[in-house]
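Here are the chains, one letter per residue:
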Amino acid sequence: MTIRPAAVAGRFYPGVRGELVANVESLLAEARPAPFDEVPRAIIAPHAGYVYSGPVAGSAFSMLEPLAAKLRRVVVIGPSHYIGFEGIAASPAVWFRTPLGDMPVDVDAMQKAWRHGVVTELETAHEREHSIETHLPFLQSIHRHARLVPLVTGLCDDDALAALLDDLWDDQTVICVSSDLSHFEDYDSATAHDASTTAKILALDSDIRSRDACGALAIRGLLAVARSRGLKCEAVDVRNSGDTAGGRDRVVGYGAYGFWR
């Protein structure tokens, strides 16, 4: 497979190019401001349908806009929602498609990733997965020439994942961890739960579990790298679907976080 086709266009985000461009531009324009002028080295951003998590995702990705001329590579790592497997799944595709066009995979970086024994090629982990795809229209809008390193997590040792992220790290790469926060609690419970999770992320405390965030494994890996590299983390936007769309009896939490030197 040379092209991984869009799987959730028209469901999680607009499937028509013009509508998608307008949607992403609006979400980026309405983003909450970052706490620092410097561009973060890594971000955590949500991956639900844009009507729900789009405003928070816009706050995360808008932090990367000043990096447009310099950025060569984006590592997007998110959880598997549809199948279980051991390790971290790479795709055989060399292009990932959205209504905005085809984003090229960084083949050289993928070769480096495959040298880590935890990474294997598993097309089925990518076929329907939205945790990577929902990030791509934002990245395509901001960084038209950046190459993608798409990774889906299954069951994996924290240290092995942290070593992989650290190996892919350089000054022309940004790490994007794809994760929502609490799932299907009432509004007040979710708000308190997400505040607790946020406090741990800001403290670079890896005590994050799947009940706290669906992308907990990738978050823990990023936090380990942040600690070793002396980074600080700030929360830019933390809300839930009760704040953006839908009712407040069963909500999903979303957070936008940046990691700086």
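Residues numbered from 1 in each chain as written. Predicted model: local features only at pLDDT ≥ 70, side-chain atom pairs only at ≥ 80, totals over all residues. Heavy atoms only, no water.

Caption draft 1: Highlighting the pairing of strand β8 (residues 147-153). Buried residues dominate β8, accounting for six of its seven residues. In the sheet, strand β3 (residues 73-79) pairs with β8 via seven bridges, with the strands oriented parallel. Note that in β8 the partner of P79 across the bridge is T153. When strand β4 (residues 88-90) meets β8, the two strands line up antiparallel, connected through two bridges. For A89, the partnering residue across the bridge sits in β8 and is V152. (Buried < 20%, exposed > 50% of the residue type's maximum accessible area, 1.4 Å probe, protein only. Helix = DSSP H or I, 4+ residues; strand = E, 2+ residues; numbered from the N terminus. Pairing = 2+ DSSP bridges.)

Caption draft 2: Representation of the nonpolar core within the structure. Among the nonpolar cores identified, the biggest contains 84 residues, and F61, L139, L151, L161, C176, I201 and F259 are the most heavily contacted of them. Considering every element that reaches this core, the biggest residue donor is helix α9 (residues 216-228), with eight residues. In contact with L161, not counting residues within four places along its chain, are I77, I88, T153, C156, L217, A218 and G221. (Core = buried A, V, L, I, M, F, W, Y, C linked by side-chain atoms within 4.5 Å. Contact = heavy atoms within 4.5 Å.)

Caption draft 3: How the structure looks around the pattern of salt bridges. Under the definition given, this model contains 15 salt bridges. The residue R261 makes a salt bridge to E38 at a minimum N-O spacing of 3.9 Å. Residue R261 is found in the segment after β12 (251-260), and its partner E38 is found in the loop between α1 (17-29) and β2 (42-45); the two are separated by 223 residues along the sequence. Among the ionic pairs, R220 bridges to D158, the shortest N-O distance being 2.7 Å. Of the two residues, R220 is situated in helix α9 and D158 in helix α7 (residues 158-168); the sequence distance between them amounts to 62 residues. By sharing partners, the salt bridges in this structure join E38, R41, D171 and R261 into a single network. (Salt bridge = Lys/Arg side-chain N within 4 Å of Asp/Glu carboxyl O.)

Caption draft 4: Summary view of helix α3 (residues 107-114). Within α3, burial applies to A109, M110 and A113. Down the axis of α3, the smallest arc covering the buried residues is 100°, so these residues share one side. For α3, the elements touching its buried residues are β3, β4, β7 (119-121), β8 and α7. With a side-chain oxygen lying 3.2 Å from the backbone nitrogen of D108, the N-terminal cap of α3 falls on D106. (Arc of directions from axis to C-beta. Polar contact = N/O pair within 3.5 Å; in protein donor to acceptor, adjacent residues only side chain to side chain.)

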